Amino acid sequence: MATLQAVKGMNDILPGTGEVKRWQDLEAKFRRTCVLYGFDEVRTPLCEYIELFKRGVGEDTDIVEKEMYTFKDRGDRDLALRPEGTASAVRAAIEHNVVSPDNPVVRWCYLGPMFRAERPAKGRYRQFHQFGAEVYGDNSPAVDAEVIGLASSYLQSLGIEKFVIHVNSLGGPESRAAYREALVAYYSLFRQRLSPESLARLDRNPLRILDSKDPRDVELRDLAPKISDSLTDMDRSHFQRVCNLLRELGVHFVVNEGLVRGLDYYTSTVFEIIDTSNALGAQNALGGGGRYDRLFKELGGHNDQPAFGFALGVERLLLSVPQAAEETPPVRAVILTQRVDPHEDACTVALRLAKILRAAGIETIVDSRAQYSLKPRMRFAQNKLKATHALTIGGVELANNTVRVKRLGAGVHDATEVSFHSVIEYLRGIPTTGCSPDESGAP
Ligand code: HAM
């Protein structure tokens, strides 16, 4: 029978390689940063009705047109695995009436898997993870600057230094209408040279042509009109204030007039964080976001609701984070029972001791495979279980109410008989390297 494999572009994260720990570190730091900025975590379902993303992200976007995992459930309903978190969060905020006169400003963050059927490559997967943060209810440029600042300081807290933040403004409805006209006028001159996909988008959603990766469209982009020429005074002033505040906050950024983002819901400020370390190759966007003041209404909210947010790609962060220096491992004990008759006695003591050690906060694993010799079990404990101490229980130890403790590590050969009542102190008191048991004052 053929061996089953994970779905292409969807990865296992295996223990034993330090990889899980790196994920946990990033998650813990993201949560910590969010708490510092007053964000609460929201958890939404992994799948939603397709309609949400069609209306939210936009029918003409690559995500909705060709990248969503869609399926019918048993009730013949059209569902999609979420390709991003913003639409789901807004859906939940509307559904639960979260923004209200009593609760006018809401700050939410989220962590979790997203799904896009893109061609897998380094830094581009079909199941990937995002850390996101969204603010609802405040249209001030201060929110744009502060949230971009949050993303920037989070990256710095991870030790990521080589990145640049691109910012632009896509303007509100009035600016967009004027820009749309300018784009249609420009691209209409080149109908024959556009890719078929962009030609189809020309009348429906010309902004999307700027986002196309087709070389035919890329070639025409340089001379295309810039949104900055169509911005109303109000939109221009909002963007100016965002840029000024970012400077005040010491956030390094560049204005990139070509930045349009790949999702339809944006209005006004947009930004993207680009890795400049070359660790990511072509997939160099660590994250992106912006203002989306019309999405609440679009998804059925009673009113427009100002909103601003971003999401970071966790796999890309992991590729970009500098490798941390090796940390001193915590004390981890493996209790090994030896062959005694009956073996139950050794097992009982081992499980009791394990319970006591864990209650004292010491990581403990019991290895009761007494039928195997001690040497390979010790090797397994040290190399695979990453144990710092092996605690063996045999006939002598049972008779004396003791346990034989051996520090595991290169060049360490000592083993000491320690009475049960002082094992905790003994394990805590001995540094895992560089000191002999006698110096610890242990029995
Ligand atoms: P996005 O630019 O589509 O924005 O995705 C944000 C980040 O997710 C990207 O910059 C990238 O790091 C990561 N990402 C996207 N697709 C993949 C993939 N196939 N494999 C690996 N990583 C990927 C959004 O999703 C918006 N919801 C952001 C937002 C929040 N805007 C406002 N609020």
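Before any of the text, the structure's been laid out above.
Because the structure is a prediction, the values reported are computed rather than measured. (Residues numbered from 1 in each chain as written. Predicted model: local features only at pLDDT ≥ 70, side-chain atom pairs only at ≥ 80, totals over all residues. Heavy atoms only, no water.)

Asker: I tried to follow the overall build of the protein on my own but got confused; where do I start?
Answerer: Broken down by element type, the protein carries 15 helices and 16 strands. The C-alpha radius of gyration computed for the protein amounts to 29 Å, which surpasses the reference 22 Å derived for 443 residues by more than 25%, pointing to a less compact arrangement than a globule. Its C-alpha atoms put the protein at 90 × 60 × 45 Å along the principal axes. Buried positions account for 47% of the 443 residues belonging to the protein. Taking the 56 positively charged and 59 negatively charged side chains of the protein as two groups, their mean positions are separated by 5 Å. (Helix = DSSP H or I, 4+ residues; strand = E, 2+ residues; numbered from the N terminus. Rg over C-alpha atoms; globule rule 2.2 N^0.38 Å. Buried < 20%, exposed > 50% of the residue type's maximum accessible area, 1.4 Å probe, protein only. Lys, Arg positive; Asp, Glu negative; His and termini not counted. Charge placed at Lys NZ, Arg CZ, Asp CG, Glu CD.)

Asker: Help me out: how do you make sense of the nonpolar core in this one?
Answerer: The tendency in soluble globular proteins is for nonpolar side chains to be buried side by side. Counting residues in each nonpolar core, the largest one holds 49 residues, and the members touching the most others are Phe53, Trp108, Tyr136, Tyr187 and Leu210. Counting only elements with at least two residues in this core, the list comes to helix 2 (50-56), helix 3 (62-67), helix 4 (86-95), strand 5 (106-115), strand 6 (127-136), helix 6 (173-188), helix 10 (295-298) and strand 11 (307-313). A total of 5 residues in this core trace back to one element, the largest contributor, which is helix 4. Ignoring any residue separated from it by four or fewer positions in sequence, one finds Phe53 in contact with Glu48, Gly58, Val64, Met68, Ala80, Arg82, Pro83, Glu84, Ala87 and Ser88. (Core = buried A, V, L, I, M, F, W, Y, C linked by side-chain atoms within 4.5 Å. Contact = heavy atoms within 4.5 Å.)

Asker: Would you take a moment to explain the pattern of salt bridges for this structure?
Answerer: Here the idea is simple: oppositely charged side chains can pair when their charged atoms come close. This model, assessed by the stated rule, comprises 29 salt bridges. The partner of Asp78 in a salt bridge is Lys72, with the nearest N and O atoms 2.8 Å apart. The exposure class assigned to Lys72 is partly exposed, which follows from its relative accessible area of 48%. Across the pair Arg77 and Asp73 runs a salt bridge, and its minimum N-O distance is 2.8 Å. (Salt bridge = Lys/Arg side-chain N within 4 Å of Asp/Glu carboxyl O.)

Asker: I'm lost on the sheet that holds strand 4 (residues 78-81) in this one. Help?
Answerer: Within a beta sheet, neighbouring strands are joined by backbone hydrogen bonds and run either parallel or antiparallel to one another. Taken in spatial order, the 3 strands line up as 2-4-3 in an open sheet, and their pairing is antiparallel. If you trace the sheet from one side to the other, it starts and ends with strand 2 (47-49) and strand 3 (70-72), each paired once. Each strand axis lies, on average, 35 degrees off the axis of its neighbour in the sheet, ignoring direction. In this sheet, strand 4 lies alongside strand 3 in antiparallel orientation, the contact comprising 3 bridges. Each residue of the ladder has a partner; that of Phe71, found in strand 4, is Leu79. (Pairing = 2+ DSSP bridges. Axes fitted to C-alpha atoms, helices over the stretch in contact; angles between N-to-C directions.)

Asker: Hey, could you run me through the pairing of strand 13 (residues 363-367) in this one?
Answerer: Looking along a regular strand, one sees side chains alternate from face to face of the sheet. Pairing of strand 12 (residues 332-337) with strand 13, which is carried by 5 bridges, proceeds in the parallel orientation. Following the sheet pairing, Leu336 is matched in strand 13 by Asp367. Between strand 12 and its parallel partner strand 13, the chain crosses via helix 12 (residues 343-359), and the hand of that crossover is right-handed. (Right-handed = clockwise from strand over helix to strand, strands pointing away.)

Asker: Can you help me understand empty space enclosed by the protein in this one?
Answerer: Where empty space is left can be seen by rolling a probe of water-molecule size over the atoms. Inspection of the entire model under this criterion finds 1 cavity of 30 Å³ or more. In this model, the largest cavity occupies a volume close to 50 Å³. Contributing to the lining of the largest cavity are Tyr37, Phe39, Arg107, Val135, Val143, Glu146, Val147 and Leu150. Split by residue class, the lining of the largest cavity holds 6 nonpolar, no polar and 2 charged. (1 Å grid on protein atoms, 1.4 Å probe; cavity = no way out; pocket = protein on both sides within 12 Å on 5 of 7 lines; lining within 4 Å. Points joined across faces, edges and corners; volume = space filled by probe spheres on them. Nonpolar A, V, L, I, M, F, W, Y, C, P; charged D, E, K, R; others polar.)

Asker: Looking at this structure, how should I read the pairing of strand 7 (residues 163-169)?
Answerer: In terms of burial, strand 7 is largely enclosed, as 7 of its 7 residues are buried. Alternating positions in strand 7 separate into two faces, Phe163, Ile165, Val167 and Ser169 on one and Val164, His166 and Asn168 on the other, with burial throughout. The sheet contact formed by strand 7 and strand 9 (residues 269-275) spans 7 bridges and is antiparallel. Across the sheet, Ser169 pairs through a bridge with Thr269, a residue of strand 9.

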